[in-house]
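Examination of the molecular architecture
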Amino acid sequence: MRPAPVALRCCVVLGTRLDTARIRAARRVIDPIFLDTPLYRCEALEPGLGCAVSIKLETANPVRSFKARGTEVVASLLADNASRAVVCASAGNLGQALAWSGRGRELDVTVVASRFATRAKLDRIRALGAGLELVDGDHEMARERAAAIARHDGIRLVEDSLDIETCEGAATIGLELMDTAPSFDTVLIALGGGALATGVGHVVKALAPEVEVICVQPLGAPALTHSFRRRRVVTTDSTNTIADGVAGRRPIPAVLDDLLLVADDAVLVQEASIIAGMRMLLDHAGLVVEPSAALGIAAILEDRDRFAGRHVVTIVCGSNVDVDAYHRWVGAAPLTRP
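The text that follows walks through the structure, step by step, so that each part is easy to find. Just so you know, these numbers come straight off a predicted model, no measurement behind them.

Okay, the overall build of the protein chain next. If you tally the helices and strands in the protein chain, you get 14 helices and ten strands. Whereas a compact globule of 338 residues would reach a radius of gyration of roughly 20 Å, the protein chain reaches 19 Å, a difference of no more than 12%. Residues counted as buried form 57% of the 338 residues belonging to the protein chain. Long-range pairs, those at least 24 residues apart, make up 73% of the contacts in the protein chain with a sequence separation of at least 6. A total accessible area of about 13,800 Å² is found for the protein chain, and carbon and sulfur atoms account for 51% of it. Here the protein chain contributes 37 positively and 41 negatively charged side chains, and the mean placements of these two sets differ by 1 Å.

Listed below in structure tokens is the structure:
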């Protein structure tokens, strides 16, 4: 049985920073190439997981992640400003997305990243025409450097998950889930900075509050999950995970406040489960994904009893992966032509 159209449902008033009307308006400024991404039931995954599984595929676009939904909103606002320069820190996906959105609107984009970030992501940022500055540290150091550049040059700093546009852009995924998905009772969302989780979570809880929103983070990068559980910001000194896209150490207080209102639970998964999830998505769905995109599958693998008999939606959020590293992780032989 399909859910009622979004417009016919009563909205629950939430106290987050997000606004459902603005989220709907965001769809009008996001390039359609990033909208209405594939959503389908993947029956081939189900015998190994013990539940019904639908995939929301956010990799079928020019930057191969969901991030451009947010950067399109940011860039549309900047295009009308006198200052057309912008800087962000990125583990790779946000930088690609901002570079893509900025190129189409003739913005001057600078991306700050760790020199240890995935090479494929860094190469793509350069190819899209953005300036790239590398720091000898992790993503948190890149955030500090990007903020310093913004202050010194007097330009716009895009802070993923803190800037509401990044959350409300991601939230358009939630509108699509509510409009087109068959009946489901659980959504599994990768948890990094929090834009995806708070954005989708806001829409799901506003329009279908009975659906359980579960966030998933690697055991080796647990800061926001610990913060969620303790209801206060918890930082960590380091991270240790292959899921570089969600490897933050310092949660943003405002994001945590939103997350506490829209998420039912946050869980941590082991690296072996992430790799097993990547392998399952390759073998049974034909999808090459980055580790962050397999977090939802990893969560099911680690707690099959919890999800047994449910219909789960998992958001496959990115596929920008270093090919050599991917082969090491999943043991996949390179594809060859006869």
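Back to the text.
Attention shifts here to the packing of aromatic side chains. Tallied over the full model, the rule gives one aromatic pair. Considering the side-chain rings of phenylalanine 34 and tryptophan 100, the 4.9 Å spacing of their centres and the 90° angle between planes classify their relative orientation as edge-to-face. Of this pair, phenylalanine 34 sits in the loop between helix 1 (20–26) and strand 1 (39–41) while tryptophan 100 sits in helix 4 (residues 93–104), placing them 66 residues apart in sequence. Using a relative accessible area of 1% as the deciding quantity, one classes phenylalanine 34 as buried.

Bringing the environment of alanine 266 into the picture now. Among the secondary structure elements, alanine 266 is positioned in strand 9 (residues 265–269). Here the alpha-carbon distance between alanine 266 and arginine 143, two residues 123 residues apart in the chain, equals 24 Å. Setting aside its immediate chain neighbours within four residues, alanine 266 contacts Leu191, Cys215, Thr225, Phe228 and Arg229.

Axes are the key here: two packed helices are described by the angle between their axes and the distance separating the axes. Where helix 9 (residues 223–230) contacts helix 10 (residues 253–262), the axes come no closer than 10 Å and their chain directions differ by 60°. Here helix 9 is positioned oblique relative to helix 10, judged by the angle of their axes. In this structure, helix 9 crosses over helix 10, and the sense of that crossing is right-handed. Taking contact as the criterion, the partners of Leu224, Ser227 and Phe228 in helix 9 are, on helix 10, Leu256, Leu259 and Leu260. Across the contact of helix 9 with helix 10, the residue classes break down as five nonpolar, one polar and no charged.

Bringing the side chain of threonine 20 into the picture now. Its location among the elements puts threonine 20 in helix 1. Not counting residues up to four positions away in its chain, the partners in contact with threonine 20 are His202 and Ala206.

Within a regular strand, side chains alternate between the sheet's two faces. Counting buried positions along strand 2 (residues 52–57) yields six of six residues, so the element is predominantly enclosed. Burial of strand 2 is two-sided: the residues Ala52, Ser54 and Lys56 facing one way and the residues Val53, Ile55 and Leu57 facing the other way are all buried.

With parallel pairing, the four strands of this open sheet are ordered in space as 5-4-3-6. The sheet is open, and its two borders are formed by strand 5 (131–135) and strand 6 (156–158), each paired with just one other strand. Averaged over all pairs of adjacent strands, the angle between their axes in this sheet comes to 20°, without regard to strand direction. As paired strands, strand 3 (residues 85–89) and strand 4 (residues 108–114) are joined by five bridges and run parallel to one another. Note on strand 4: the bridge partner recorded for alanine 89 is valine 112. Along the sheet face, helix 6 (residues 139–153) touches strand 3, strand 4, strand 5 and strand 6 and points at about 160° away from the line of strand 3.

The gaps left among the atoms become clear once a water-sized probe is rolled over them. In this structure the tally under the stated criterion is two cavities of 30 Å³ or more. Taken as a whole, the largest cavity holds about 630 Å³ of empty space. Lining the largest cavity are 44 residues; nearest its centre among them are Lys67, His139, Asp160, Gly193 and Gly245. For the lining of the largest cavity, the secondary structure elements donating two or more residues are helix 4, helix 6, strand 6, helix 8 (195–207) and helix 9. Tallying contributions element by element places helix 6 first for the lining of the largest cavity, with five residues. Of the residues contributing to the lining of the largest cavity, the split by class is 20 nonpolar, 14 polar and ten charged. Lining the second largest cavity are Phe66, Lys67, Gly70, Leu94, Asp160, Thr166, Ala170 and Ala195. Its residues placed into classes, the lining of the second largest cavity shows four nonpolar, two polar and two charged.

Here is what the cut-offs are and how they apply
Residues numbered from 1 in each chain as written. Predicted model: local features only at pLDDT ≥ 70, side-chain atom pairs only at ≥ 80, totals over all residues. Heavy atoms only, no water. Helix = DSSP H or I, 4+ residues; strand = E, 2+ residues; numbered from the N terminus. Rg over C-alpha atoms; globule rule 2.2 N^0.38 Å. Buried < 20%, exposed > 50% of the residue type's maximum accessible area, 1.4 Å probe, protein only. Contact = heavy atoms within 4.5 Å. Areas by Shrake-Rupley, 256 points an atom, 1.4 Å probe, with all protein chains shown as cover. Lys, Arg positive; Asp, Glu negative; His and termini not counted. Charge placed at Lys NZ, Arg CZ, Asp CG, Glu CD. Phe/Tyr/Trp six-rings, centres within 6.5 Å; stacked < 30°, edge-to-face > 60°. Axes fitted to C-alpha atoms, helices over the stretch in contact; angles between N-to-C directions. Parallel < 35°, antiparallel > 145°, perpendicular 65-115°, else oblique. Left-handed = near helix turned anticlockwise from the far one by under 90°. Nonpolar A, V, L, I, M, F, W, Y, C, P; charged D, E, K, R; others polar. Pairing = 2+ DSSP bridges. 1 Å grid on protein atoms, 1.4 Å probe; cavity = no way out; pocket = protein on both sides within 12 Å on 5 of 7 lines; lining within 4 Å. Points joined across faces, edges and corners; volume = space filled by probe spheres on them.

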